Amino acid sequence: MTAPTKPPHTTPADAVPGLSRRARARDEEPGETVGAHLHAPVIDWFDEHARDLPWRRPEAGAWGVMVSEFMLQQTPVNRVLPIYEQWLARWPRPADLAAEAPGEAVRAWGRLGYPRRALRLHGAAVAITERHGGDVPSDHAQLLALPGIGEYTAAAVASFAYGRRHAVLDTNVRRVFARAVSGTQYPPNATTAAERKLARALLPDDESTAARWAAASMELGALVCTAKNESCHRCPIAASCAWRLAGKPEHEGPPRRGQTYAGTDRQVRGKLLAVLREAHAPVPQSALDRVWHEPVQRARALDGLVSDGLVEPLAGGLYRLPQG
DNA sequence: TAACCGTGGCT
DNA sequence: TAGCCAAGGTT
């Protein structure tokens, strides 16, 4: 098993075939919208082909959108669906989660992976309850100030839940833009200023259209313009796609090494936490010792979990999920 | 900036 | 089969 790897890049920052020189020179707030020829086909495609996901239904509300965004960070939709439903049924409002021990969030997170997200979602619920009267804020800066929310998630919640106009730049959208506009197979490894500028330039002027565009361009990347085995024959903007018109050149250069997973601290942490999730009483050290043979790494992993706040050490060599 | 942080399905 | 891949955030 390996950890996630992102493809390397060659994107020339400002070599954007689809944009006029004036458009490239202009920085931020648009007077006229760039890339407007992409908006209608992508949004129309979305209207017809969008998946019916629970967090897209009106009854999900801003809290449902926010919960889904936390769970979807690096985790596939199909694995999120059942946990999302259980989560919202148990904690229908931020205050409901805030009233629980953080360890309950970690337990309910199950095997979604990256359990620190569960802790941060709990922390965000506490902050929303304390600072925002229990309502998920719609302001980008206020969202960004919450634990576990970065640039992408703040924009996604503001856009999807409140219809605000933000560039929502996730891995799907970055790949769509890299191909359709920049003409490269993959976006850069890390998000660049040029990508942000491009995303802002492509954002429709109208607020509700911008929100629709954000969801539609992301869905296109998830369903059609995928990382591997892309389906150009189903793509609404294939005719103007810079990468396709260039003959779909494959990325050149050394592939970035993916971190191996087997034998890493991450694997050990996962095994340790799995024991504590299943237990409903404090667990003795001896039970944790069984999950990994190598004592030094085992101790390091446990220490890491404790310092992350995912595990609470008790007197007498007992451990449990955090109660406070 | 780059490393770190889980998990399981797919090819 | 073993590497690839999935709606990132934090340090």
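Residues numbered from 1 in each chain as written. Chains lettered and ligands numbered in written order. Predicted model: local features only at pLDDT ≥ 70, side-chain atom pairs only at ≥ 80, totals over all residues. Heavy atoms only, no water.

In the nomenclature of an unreviewed UniProt entry, chain A is known as Adenine DNA glycosylase of Streptomyces roseirectus. Comment text from UniProt for chain A, heading Sequence similarities (unreviewed entry), reads "Belongs to the Nth/MutY family." If you open the UniProt record of chain A and go to Cofactor (unreviewed entry), you find "[4Fe-4S] cluster". (UniProt positions renumbered as here; feature names shortened; annotations may be inferred.)

**Student:** Run through the packing of helix α10 (residues 171-182) against helix α12 (residues 207-223), naming residues and quoting values.
**Tutor:** When two helices pack together, their arrangement is given by the angle between the helix axes and the distance between those axes. Interhelical geometry of α10 versus α12 gives an angle of 80° and a closest axis separation of 8 Å. Relative to α12, the element α10 is oriented roughly perpendicular. Contacts from N172, V173, R175, V176 and F177 in α10 reach W213, S217, M218, L220, G221 and A222 in α12. Here the residues of the contact of α10 with α12 are counted per class, giving 7 nonpolar, 3 polar and 1 charged. (Axes fitted to C-alpha atoms, helices over the stretch in contact; angles between N-to-C directions. Helix = DSSP H or I, 4+ residues; strand = E, 2+ residues; numbered from the N terminus. Parallel < 35°, antiparallel > 145°, perpendicular 65-115°, else oblique. Contact = heavy atoms within 4.5 Å. Nonpolar A, V, L, I, M, F, W, Y, C, P; charged D, E, K, R; others polar.)

**Student:** Mind laying out the packing of aromatic side chains, listing which residues take part and the relevant values?
**Tutor:** Working definition: an aromatic ring pair is given by the centre-to-centre distance plus the angle between the planes. Tallied over the entire structure, the rule returns 4 aromatic pairs. Ring geometry for W87 versus W91: centroids 4.7 Å apart, planes at 75°, classification edge-to-face. This pair shows no difference in class: W87 is buried, exactly as W91 is. One aromatic cluster is present, built from ring pairs that chain together W87, W91 and W109. (Phe/Tyr/Trp six-rings, centres within 6.5 Å; stacked < 30°, edge-to-face > 60°. Buried < 20%, exposed > 50% of the residue type's maximum accessible area, 1.4 Å probe, protein only.)

**Student:** Give a detailed account of the sheet that holds strand β2 (residues 312-314), specifying residues and quantitative values.
**Tutor:** If you trace the 3 strands from one edge of the open sheet to the other, you get β1-β3-β2, paired in antiparallel fashion. The sheet is open, and its two borders are formed by β1 (283-284) and β2, each paired with just one other strand. (Pairing = 2+ DSSP bridges.)

**Student:** With reference to specific residues and values, describe the confidence of the model for chain A.
**Tutor:** Summing up the model confidence of chain A, the mean pLDDT is 90 and the portion of residues at 70 or higher is 88%. The low-confidence segment residues 1-31, where pLDDT is below 50, has 65 contacts with residues more than four positions distant or belonging to other chains. (pLDDT = per-residue confidence, 0-100.)

**Student:** So, the nonpolar core: which residues are in play, and what are the values?
**Tutor:** Judged by nonpolar contacts, the single largest core of 54 residues is most densely connected at W63, M66, M71, W87 and L121. Contributions of two or more residues to this core are made by α3 (61-72), α4 (77-90), α6 (102-109), α7 (116-131), α9 (151-162), α14 (265-278), α15 (285-289) and α16 (295-307). A domain split of this core shows at least three residues from each of domain 1 (13-250) and domain 2 (265-320). Residues I43, V173, A210 and C225 belong to the second largest nonpolar core, which totals 30 residues. (Core = buried A, V, L, I, M, F, W, Y, C linked by side-chain atoms within 4.5 Å. Domains from an automatic or database assignment.)

**Student:** Can you lay out the packing of α3 against α7 for me, pointing to particular residues and giving the numbers?
**Tutor:** One way to put it is that α3 packs onto α7 with a least axis distance of 10 Å and a crossing angle of 155°. In terms of orientation, α3 and α7 fall into the roughly antiparallel class. For the crossing formed where α3 meets α7, the hand is right-handed. Here W63, M66, V67, F70, M71 and L72 of α3 lie close against α7, whose contacting residues are R117, R120, L121, A124, A125 and I128. (Left-handed = near helix turned anticlockwise from the far one by under 90°.)

**Student:** Help me get a handle on α4, residues and values and all.
**Tutor:** Taking 1.5 Å of rise per residue, 14 residues should cover 20 Å, and α4 covers 20 Å from first to last C-alpha, within 8% of that figure. Among the structural elements, α3, α5 (94-98), α6 and α7 are those in contact with the buried residues of α4. (Expected span 1.5 Å × (residues − 1).)

**Student:** How would you sum up the pattern of salt bridges? Please name residues and give values.
**Tutor:** Going through the model one piece at a time under the given rule, you end up with 18 salt bridges. Here R174 and E195 are joined by a salt bridge, their closest N and O atoms 2.8 Å apart. Of this pair, R174 sits in helix α10 while E195 is found in helix α11 (residues 193-202), placing the two residues 21 residues apart along the sequence. The two residues R174 and E195 agree in class, both being buried. The closest approach of N and O atoms between R269 and D308, which form a salt bridge, is 2.8 Å. In this pair, R269 is assigned in helix α14 and D308 in the loop between α16 and β2, connecting sequence segments 39 residues apart. In this structure D308 comes out as partly exposed when scored by relative accessible area, which is 26%. (Salt bridge = Lys/Arg side-chain N within 4 Å of Asp/Glu carboxyl O.)

**Student:** Outline the environment of T264, listing residues and values.
**Tutor:** As for its position among the elements, T264 is in the loop between α13 (242-245) and α14. Separated by 37 residues in sequence, T264 and A301 place their C-alpha atoms 9.3 Å apart. Of note is the side chain of T264, whose polar atom sits 2.7 Å from the backbone oxygen of Y261. (Polar contact = N/O pair within 3.5 Å; in protein donor to acceptor, adjacent residues only side chain to side chain.)

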